[in-house]
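Topology and contacts: notes
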Amino acid sequence: MEGLLSFQPFPSSVIQRRLSTVYLHSRLSTSSSSSCAPLRAQQSGITGGSESVSSALEGKVSEQEVGMYQDEVVASQGIRIRRRPLTGPPLHYVGPFEFRLQNEGNTPRNILEEIVWHKDKEVTQMKEKRPLYTLKKALENVSPPRDFIGALRSAHQRTGLPGLIAEVKKASPSRGILREDFDPVAIAQAYEKGGAACLSVLTDEKYFKGSFENLEAIRNAGVECPLLCKEFIIEAWQIYYGRSKGADAVLLIASVLPDLDIKYMIKICKILGMATLVEVHDEREMDRVLAIEGVELIGINNRNLETFEVDIGITKRLLEGERGELIRQKDILVVGESGLFTPEDIAFVQEAGVKAVLVGESLVKQSDPGQGISALFGRDISS
Ligand SMILES: O=P(O)(O)OC[C@@H](O)[C@@H](O)c1c[nH]c2ccccc12
């Protein structure tokens, strides 16, 4: 009896933090690190067609990464956003609860981290209600995905201006409510009429007042533009959910997702026939993403999601020199995102090298968002 009680295997936190061990042990664990998300997903049955995701990833984990602590992998990629709060008492915990120190791992450091932590809980609950096998069943009845990138390229060719992804967005943490009388379907139809190539639909409820119902309603209303599910994706389950609501593309944010997750999620999207818009905000993220095979569409967000600062010069900076050259060689389509309000802004990012733009605030605030498009581009781009 004594032997049994005193038997102490490795503390689970130690087991889970060792990346190589995570891969071996995640069958036993329900709470796990971000870097083992791929394995978790495979085990819950996320494989597609004849090509399994596990074989897609075989050999793709760099030798360097094997044996590294999961935190080290994330740090080595410059990712500051932590996937979830550290559990257990803070390191300096020495007494009763009231004396716990704030921000010792249990308080989000910025808004993006707060959103991601909330998303983690939300997705856990949503998955319980709609397990993957029911989603897969639902996919049989959804209309096939539309060509998101193709629509942007042909709009660019048709108008000589960047193809427009117009965003259906009611509110944001940085700008508050953008429009009180918010009718997502009417706005989407106005965008389509005004010449948008694609639409972006915010689905986050808590921080952006969006919803998956909006996405579904827009799809079911007969809007033909391909739809981007604008969500904070942290797990592959969300991609399947977005597809089941009619999404043709998803956003993957490089400051949130390690390379391995991005690779894996791109693979899932390809299997589902969806596009991925991989979003970056600085040189380091751009370089990481340029090294990932299969990336066809990169978004440069002019807004820093940690501080809300907006600077459209970021788009120019990230497309200069060798990076721009590599992007052209790889024929990657670049989207300039956020903070675009005038024809001069559009000309500035086009000059920098983008062939598409993603615009929310300046359009959604107009009484006629369709006419807002003509004002933004300085001319009618609807035909
Ligand atoms: O409203 P703006 O400044 O035109 O920005 C649109 C879009 O770029 C922005 O909503 C956005 C870009 N990346 C994101 C990631 C999450 C939430 C929102 C975003």
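Note that this is a predicted model, so its numbers are computed, not measured.

Conventions adopted
- Residues numbered from 1 in each chain as written.
- Predicted model: local features only at pLDDT ≥ 70, side-chain atom pairs only at ≥ 80, totals over all residues.
- Heavy atoms only, no water.
- Helix = DSSP H or I, 4+ residues; strand = E, 2+ residues; numbered from the N terminus.
- Buried < 20%, exposed > 50% of the residue type's maximum accessible area, 1.4 Å probe, protein only.
- Contact = heavy atoms within 4.5 Å.
- Areas by Shrake-Rupley, 256 points an atom, 1.4 Å probe, with all protein chains shown as cover.
- Disulfide = S-S within 2.5 Å.
- Near = heavy atom within 4 Å.
- Polar contact = N/O pair within 3.5 Å; in protein donor to acceptor, adjacent residues only side chain to side chain.
- pLDDT = per-residue confidence, 0-100.

Moving on, we come to the overall build of the protein. Tallying secondary structure elements over the protein gives 19 helices and ten strands in all. Across the 383 residues of the protein, 52% fall into the buried class. Considering only contacts in the protein between residues 6 or more positions apart, those separated by 24 or more positions represent 68%. Only carbon and sulfur atoms are counted for the fraction: they give 51% of the accessible area of the protein, which is about 18,200 Å².

Below, the discussion takes up the state of the cysteines. One pass over the structure, following the stated rule, counts zero disulfides. We note that Cys225 lacks a disulfide partner, and the nearest cysteine sulfur, in Cys198, lies 6.6 Å from it. Cysteine Cys269 remains unbridged, with the sulfur of Cys229 as its closest cysteine sulfur at 9.9 Å. Using a relative accessible area of 0% as the deciding quantity, one classes Cys269 as buried.

This part is about the site of the ligand. Inspection of the region around the ligand gives 16 residues, with Glu167, Glu279, Ser338, Gly360 and Glu361 positioned closest. One nitrogen or oxygen atom from the main chain of Gly339 is found 3.0 Å from an oxygen atom belonging to the ligand. A distance of 2.8 Å is found between an oxygen atom of the ligand and a backbone nitrogen or oxygen belonging to Glu361. Summarising the interface, the protein chains cover 99% of the accessible area of the ligand, which totals 450 Å² for the free molecule.

Attention now goes to the confidence of the model for the protein. Chain-level pLDDT for the protein is 84 on average; 77% of the residues reach the 70-or-more range. The low-confidence segment residues 1-59, where pLDDT is below 50, has 86 contacts with residues more than four positions distant or belonging to other chains.

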